Amino acid sequence: MGFQAARFRGEMRRAESDRKVRPVPPVPEQGNPAGMRLGLLFFAAFALAAAWSAQAQTQADEARDHFEGALAQDCPQKQLQLLSARNLRDGLDSYVEGLPPEIHDRVEKAESDRCSNADAGAACVNAADIQAADEVGRVDDLAVSICGAFLRCTDQGVCDYAR
């Protein structure tokens, strides 16, 4: 049994043809690949969430501006814009307790909807209460209540209760 050259050459040709790089089929011109569509979908969802968040933040900022404007109009000498979040929370709690049941429920729902996160603190709940009062047109009543609850503030967070 000698060396079989013909058989060897045939095997080498088959091995070489297996080794050749086959071209990758081209991507169709029409439509997007599935991954691209998914990426666009995630981008659209992110943009929508960012727009909704910006709108919610704008509404909260506008409500806070209305509230601070009402405080400045009702009791400017007290400087209640210096209230700490905790002090303001005390005043807001007293105000919310005296609301009619349907508005009280709406304020509590706003608190739970906007501040359901365990990390949400007094500032979040305060903003939710102020925004809810603004939505029902009671910011002026809220400002009068807060003005009555405090004598004055002398520095940031250094305020005297009226009780």
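Residues numbered from 1 in each chain as written. Predicted model: local features only at pLDDT ≥ 70, side-chain atom pairs only at ≥ 80, totals over all residues. Heavy atoms only, no water.

### What about the overall build of the protein?
And then number 1: On a plain count of helices and strands, the protein comes out with 6 helices and 2 strands.
And then number 2: Walking the protein from its N terminus toward its C terminus, one meets helices and strands in the order α-α-α-α-α-α-β-β.
And then number 3: Within the protein, the proportion of its 163 residues that are buried is 26%.
And then number 4: Sequence-distant contacts in the protein: of pairs separated by 6 or more residues, those separated by 24 or more amount to 67%.
And then number 5: Carbon and sulfur atoms provide 56% of the accessible area of the protein, an area that totals close to 11,600 Å². (Helix = DSSP H or I, 4+ residues; strand = E, 2+ residues; numbered from the N terminus. Buried < 20%, exposed > 50% of the residue type's maximum accessible area, 1.4 Å probe, protein only. Contact = heavy atoms within 4.5 Å. Areas by Shrake-Rupley, 256 points an atom, 1.4 Å probe, with all protein chains shown as cover.)

### Let's talk about the packing of helix H3 (residues 85-97) against helix H6 (residues 139-149)
Between two packed helices, what matters for the description is the angle formed by their axes and the separation of those axes.
And then number 1: Close contact between H3 and H6 brings their axes to 9 Å; oriented N to C, the two are set at 120°. Judged on the interaxial angle alone, H6 and H3 are oblique. Once H3 is placed against H6, the crossing between them reads as right-handed. Facing H3, whose interface residues are Leu-88, Gly-91, Leu-92 and Tyr-95, H6 presents Asp-141, Leu-142, Ser-145 and Ile-146.
And then number 2: Here the residues of the contact of H3 with H6 sort into 5 nonpolar, 2 polar and 1 charged. (Axes fitted to C-alpha atoms, helices over the stretch in contact; angles between N-to-C directions. Parallel < 35°, antiparallel > 145°, perpendicular 65-115°, else oblique. Left-handed = near helix turned anticlockwise from the far one by under 90°. Nonpolar A, V, L, I, M, F, W, Y, C, P; charged D, E, K, R; others polar.)

### Digging into the side chain of Arg-89
And then number 1: Structurally, Arg-89 can be placed in helix H3.
And then number 2: A distance of 2.8 Å separates the side chain of Arg-89 from the side chain of Asp-93, its partner in a polar contact. (Polar contact = N/O pair within 3.5 Å; in protein donor to acceptor, adjacent residues only side chain to side chain.)

### Let's talk about the confidence of the model for the protein
And then number 1: With 66% of its residues at a pLDDT of 70 or more, the protein shows a mean pLDDT of 80.
And then number 2: The least confident element of the protein is helix H1 (residues 5-19), whose mean pLDDT is 64; the most confident is H6, at 94. (pLDDT = per-residue confidence, 0-100.)

### A closer look at the pairing of strand E1 (residues 150-155)
And then number 1: Inspection of the sheet shows E1 paired to strand E2 (residues 158-161) by 4 bridges, in the antiparallel sense. Residue Arg-152 lies in a different strand from E2, and its bridge partner there is Asp-160.
And then number 2: Taking the residues between adjacent antiparallel strands as the criterion, E1 and E2 are bridged by 2 residues, where Gly-157 takes a positive phi near 80°. (Pairing = 2+ DSSP bridges.)

### As for the pattern of salt bridges
And then number 1: Taken as a whole and judged by the stated rule, the model has 9 salt bridges.
And then number 2: Residue Asp-141 is joined to Arg-138 by a salt bridge in which the shortest nitrogen-to-oxygen separation is 3.7 Å.
And then number 3: One salt-bridge network, held together by shared partners, links Arg-89, Asp-93, Glu-111 and Asp-129. (Salt bridge = Lys/Arg side-chain N within 4 Å of Asp/Glu carboxyl O.)

### Thoughts on helix H4 (residues 101-114)
And then number 1: Compared with an ideal rise of 1.5 Å per residue, which puts 14 residues at 20 Å, H4 spans 20 Å between its outermost C-alpha atoms and is within 8% of the ideal.
And then number 2: Turning to H4, its buried residues number three or more, namely Ile-103, His-104, Val-107, Ala-110 and Glu-111. Relative to the axis of H4, the buried residues are bounded by an arc of 120° and lie together on one face. Exposed residues pointing more than 90 degrees away from the buried face of H4 are listed as Pro-101 and Glu-102.
And then number 3: Tucked into the core, H4 has its buried residues touching H3 and helix H5 (122-135). (Expected span 1.5 Å × (residues − 1). Arc of directions from axis to C-beta.)

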